[in-house]
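Coordinate inspection notes
Letter by letter, the chains look like this.
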Amino acid sequence: MLVGMKTQLILALLVGVGLTLCGCATKDPQSLAQNDPFEPTNRAVFNFDIQLDHAIAQPVARFYISAVPDFARDGIHNALTNLNAPIVFVNDGLQLDPDKAGDTAGRFLVNSTIGLGGLIDVASKIGIPYHDNDFGITLGKGGAAEGSYLVLPFVGPKPPRDLVGAGVDVAFDPLTYMSWNDSTLYMIIRAGVSVLDDQASQLDAVQSIERSSIDFYATTRSLYRQNRAAQINGGSQPNADLPNF
């Protein structure tokens, strides 16, 4: 039931985005050169996301940082990262990378047991490195193009390849298929805490990028593509993390 609802929601989102943007494409040569045919609409959505970020997300993140001790925030971050390990593991396997798959499986086993359910990152302390992975990266490594740049309300940059990837990653999460009392509430809380964790960890970087950018939208678009290209090509990412708006 839960899988079906999530799948229907993702499909509805994709169809809705497609129908909305069909009549919004621009013929501006500069936008087309940036593979951003929906730039006017994307900028409007981006500005909405930024206003929401300033009004709600950043104040909540600052309160979280001030109210919750460092060790507790680290434990929450570690636990969320550990919960995401099955998704990373499946994508490691699809990319035919046994070394990374082995690292992911080892980290999950060690951190889920000795690390008290992932609260303590014991794996890093004993030399098992962390890496992220998702189906958008898998598609990119398989040769799938990014598609036209797209910014979504509450989500931020999410071009078609990464939007499809995010939907498929839901199916890779074992908890998607589990049902228990208040399981839906758990998933909602997990998603909310994940957003809060991202906001808190990137708060300083977001503000620094925004202050130094002449065109914050164009800067974010460039950083997003640099980060994704680095992840797909196996290179090192830029120093500044892309903010999750």
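Description of the structure in this document. (Residues numbered from 1 in each chain as written. Predicted model: local features only at pLDDT ≥ 70, side-chain atom pairs only at ≥ 80, totals over all residues. Heavy atoms only, no water.)

**With respect to the pattern of salt bridges**
Note that side chains of opposite charge can pair when their charged atoms are close. Taken as a whole and judged by the stated rule, the model has 11 salt bridges. One salt bridge connects Asp121 with Arg107, and the closest N-O pair in it is separated by 3.1 Å. Placement of the pair is Asp121 in the loop between α6 (98-113) and α7 (122-125) and Arg107 in helix α6, with a sequence separation of 14 residues. The pair formed by Asp121 and Arg107 is uniform in burial state, with each residue classed as buried. Of the charged contacts in the structure, one is a salt bridge between Asp173 and Arg190, with a shortest N-O distance of 3.0 Å. Of this pair, Asp173 sits in the loop between α9 (160-172) and α10 (183-212) while Arg190 sits in helix α10; the two residues are 17 residues apart in sequence, bridging distant segments of the chain. (Salt bridge = Lys/Arg side-chain N within 4 Å of Asp/Glu carboxyl O. Helix = DSSP H or I, 4+ residues; strand = E, 2+ residues; numbered from the N terminus. Buried < 20%, exposed > 50% of the residue type's maximum accessible area, 1.4 Å probe, protein only.)

**Notes on a nonpolar patch on the surface**
Taken together, the side chains of Phe48, Phe154 and Val155 make up a nonpolar region of the molecular surface, amounting to roughly 290 Å² of accessible area. Relative to the helices and strands, Val155 resides in the loop between β1 (151-152) and β2 (156-157). (Patch = residues over 30% accessible without salt bridge, like charges linked within 9 Å, V, L, I, M, F, W, Y side chains within 5 Å. Areas by Shrake-Rupley, 256 points an atom, 1.4 Å probe, with all protein chains shown as cover.)

**Things to note about helix α5 (residues 85-94)**
Those residues of α5 lying buried are Ala85, Pro86, Ile87, Val88, Asn91 and Asp92. Immediately beyond the C-terminal end of α5, within one or two residues, lies Leu96, with a positive phi of roughly 55°.

**Description of helix α3 (residues 39-67)**
Spanning 29 residues, α3 covers 39 Å between terminal C-alpha atoms, matching the ideal 42 Å at 1.5 Å per step. Its maximal kink placed at Asp53, α3 deviates by approximately 50°. All of the buried residues along α3 are Glu39, Asn42, Val45, Phe46, Asp49, Ile50, Asp53, Gln58, Ala61 and Tyr64. Looking at the buried side of α3, the elements it contacts are α2 (29-33), α4 (70-83), β1, β2, α10 and α11 (216-233). (Expected span 1.5 Å × (residues − 1). Bend = angle between axes of the 7 residues up to and from the residue. Contact = heavy atoms within 4.5 Å.)

**Looking at the packing of α4 against α10**
When two helices pack together, their arrangement is captured by the angle between the axes and the distance separating the axes. Packing of α4 against α10 leaves a shortest axis separation of 10 Å and a crossing angle of 120°. With respect to α10, the element α4 is oriented oblique. Like other packed secondary-structure pairs, α4 and α10 cross with a definite hand, here left-handed. Contacts between α4 and α10 involve Arg73, Ile76, His77, Leu80 and Leu83 from the first element and Tyr186, Arg190, Val193, Ser194 and Asp197 from the second. Residues that form the contact of α4 with α10 fall into these classes: 5 nonpolar, 2 polar and 3 charged. (Axes fitted to C-alpha atoms, helices over the stretch in contact; angles between N-to-C directions. Parallel < 35°, antiparallel > 145°, perpendicular 65-115°, else oblique. Left-handed = near helix turned anticlockwise from the far one by under 90°. Nonpolar A, V, L, I, M, F, W, Y, C, P; charged D, E, K, R; others polar.)

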